[in-house]
Amino acid sequence: MASQIPSELIDTIIDYLRHEVSALCACSLVSRRWLPRPRYHLFAFMHLMSTNIVSALKILGPPSTFLPSIYALMLTEGRGDPWNRKWVDTSLPEVPLSRMVGVQSLTLANVRWCALGEAAKTSISALAQGVKSLCLINFRMHSFAELLELLSESPALVTLKMNMIAFEKPEDASPVERYTIPRSLRTLEFGGSTGLLIDWLLVQHSIPNIHTVVLTMVDAKEVPGVSSLLCRLGPYLEHLDISFYSFDPGETEAIFCQRADLTPNSSLRSIKFSNLSLYGYDAIPNAVWIRSILAQIISQQLQQVTFAIFLNAPEELALLELPQLASLFSENQRFSRLRSVLFMIRGHLEGGLRQEVHVRIKGSLSDLNARGRLQIM
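Residues numbered from 1 in each chain as written. Predicted model: local features only at pLDDT ≥ 70, side-chain atom pairs only at ≥ 80, totals over all residues. Heavy atoms only, no water.

(A) How the structure looks around the overall build of the protein. Helices and strands together make up the secondary structure of the protein, namely 14 helices and 12 strands. Dimensions along the principal axes, computed over C-alpha positions, put the protein at roughly 65 × 60 × 40 Å. Of all 377 residues assigned to the protein, the portion counted as buried reaches 47%. Long-range pairs, those at least 24 residues apart, make up 78% of the contacts in the protein between residues at least 6 apart in sequence. In the form shown here, the protein has an accessible surface area of approximately 18,300 Å², with 54% of it arising from carbon and sulfur atoms. (Helix = DSSP H or I, 4+ residues; strand = E, 2+ residues; numbered from the N terminus. Buried < 20%, exposed > 50% of the residue type's maximum accessible area, 1.4 Å probe, protein only. Contact = heavy atoms within 4.5 Å. Areas by Shrake-Rupley, 256 points an atom, 1.4 Å probe, with all protein chains shown as cover.)

Below is the structure:
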């Protein structure tokens, strides 16, 4: 009976069970025709770390047939203590990365690249050549040129994510023009000390048609580079997600409003203001800068505006100046095609406080709410 079911229907059934491990295992035993799809869901993502590397090496040996099914691979280095030992340099050469021919996404976390031996570096570099997504988190290298060399070994790169990148010799970390950015790159996510990376992009003779930019914790000294990058991307930029950092709340945001110009980004489809803190010492002083940035947008294709906010009391919403924000959305023609204004609420809101926050937002943005364009999560 199982052999009479069309393959498309088999795949559809198994896709519905993608989060049910026991069901996927059962489906994989039905027949050979049923095996590929469960295997795809079961082994699409693999996370190797100090706590599982010993057992992982036992199942990754030559008898294993699932290695080509691995789509996303994450390697997390240990801290170096007895409970979370470092393993990448010593154990990674034993991992059959060359057989993981289906890997499209590679994440390296807490890795000190400059401390790795040639065998480990060669294994990672060889794997990176075919990936379309590369993510570096808390990644430490000898120099900036060493980072660019790693990136240049991924010619098919579509998505690049880098957060907390550091260099052993920052004085040598100057942009190196002989390294070029992959032309296939479409998504950039930078967070924490991204000035050198942006400067490198700006010295390129031409920049790929990057349509998505996520910039986290931009500080005042990085604003000029960020502003120039957004201008260079021009009409290719469709999605912008940005958050700021400064010891003096509001300082970086004010500088960005003075330096940035979003008018060249005429195809912008969404903009997100992340990490908007409305409480504590780092609370935003006001929301004038938010309206100033929104007022720069000339794109007639803007469909979504997102506010990711942190608050502990409904009264703290006053810092967002919602009535003025409502006027901006209702009075400007450029926002006529908006499909969604999304508020992502985070914080310690117990009891009925979260519901009160929802009520206040809906009351202040009543026109958007009435048209079904207001969302709160």
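(B) Structural context of the sheet that holds strand β6 (residues 187-191). The 12 strands are arranged β1-β2-β3-β4-β5-β6-β7-β8-β9-β10-β11-β12 in an open sheet whose pairing can be described as parallel. In this open sheet, the two edge strands, each paired with only one partner strand, are β1 (45-48) and β12 (374-376). Adjacent strand axes in the sheet meet at a mean angle of 10 degrees when their direction is disregarded. Bridging between strand β9 (residues 270-277) and strand β10 (residues 304-310) involves 6 bridges; their strand directions are parallel. Bridge assignment links lysine 272 to a residue of β10, and that residue is threonine 306. Most of the contacts of helix α8 (residues 195-202) go to β6, to which it runs at about 145 degrees, and overall it touches β5 (159-167) and β6. Relative to the sheet, helix α9 (residues 223-233) contacts β7 (212-218) and β8 (239-244), its axis offset from that of β7 by approximately 170 degrees. (Pairing = 2+ DSSP bridges. Axes fitted to C-alpha atoms, helices over the stretch in contact; angles between N-to-C directions.)

(C) A look at unusual backbone geometry. Located in the positive-phi region is asparagine 110, a residue other than glycine, with phi close to 60 degrees. Note that asparagine 110 resides in the loop between β3 (105-109) and α6 (118-128). For asparagine 110, a relative accessible area of 34% gives the class partly exposed. Of note in this structure, methionine 217 is not a glycine but carries a positive phi near 55 degrees. Positionally, methionine 217 belongs in strand β7.

(D) View of the environment of proline 235. Looking at the element boundaries, proline 235 is found in the loop between α9 and β8. Taking relative accessible area as the criterion, proline 235 reaches 43% and is therefore assigned partly exposed. Taking the C-alpha atoms as reference, proline 235 lies 38 Å from serine 123; in sequence the two are 112 residues apart. In this structure proline 235 touches Pro264, Ser266 and Ser267, once residues within four positions along its chain are discounted.

(E) Region of interest: the packing of α8 against α9. Where α8 meets α9, the axes come as close as 9 Å, and the angle between the chain directions of the two elements is 35 degrees. Our pair here, α8 against α9, has a crossing hand that is left-handed. The residues of α9 that touch α8, namely those facing Ile198, Leu201 and Leu202, are Gly225, Val226, Ser228, Leu229 and Arg232. When grouped by side-chain class, the residues that make up the contact of α8 with α9 number 5 nonpolar, 2 polar and 1 charged. (Left-handed = near helix turned anticlockwise from the far one by under 90°. Nonpolar A, V, L, I, M, F, W, Y, C, P; charged D, E, K, R; others polar.)

(F) Local environment of a nonpolar patch on the surface. Judged by side-chain polarity, Met217, Tyr245 and Phe247 come together as a nonpolar surface patch covering roughly 360 Å² of accessible area. Mapped onto the fold, tyrosine 245 is located in the loop between β8 and α10 (251-259). (Patch = residues over 30% accessible without salt bridge, like charges linked within 9 Å, V, L, I, M, F, W, Y side chains within 5 Å. Salt bridge = Lys/Arg side-chain N within 4 Å of Asp/Glu carboxyl O.)

(G) Local environment of the confidence of the model for the protein. Per-residue confidence for the protein averages 88 on the pLDDT scale, and 97% of its residues sit at or above 70. Here helix α3 (residues 36-43) is the element of the protein with the lowest mean pLDDT, 81, and β3 is the one with the highest, 96. (pLDDT = per-residue confidence, 0-100.)

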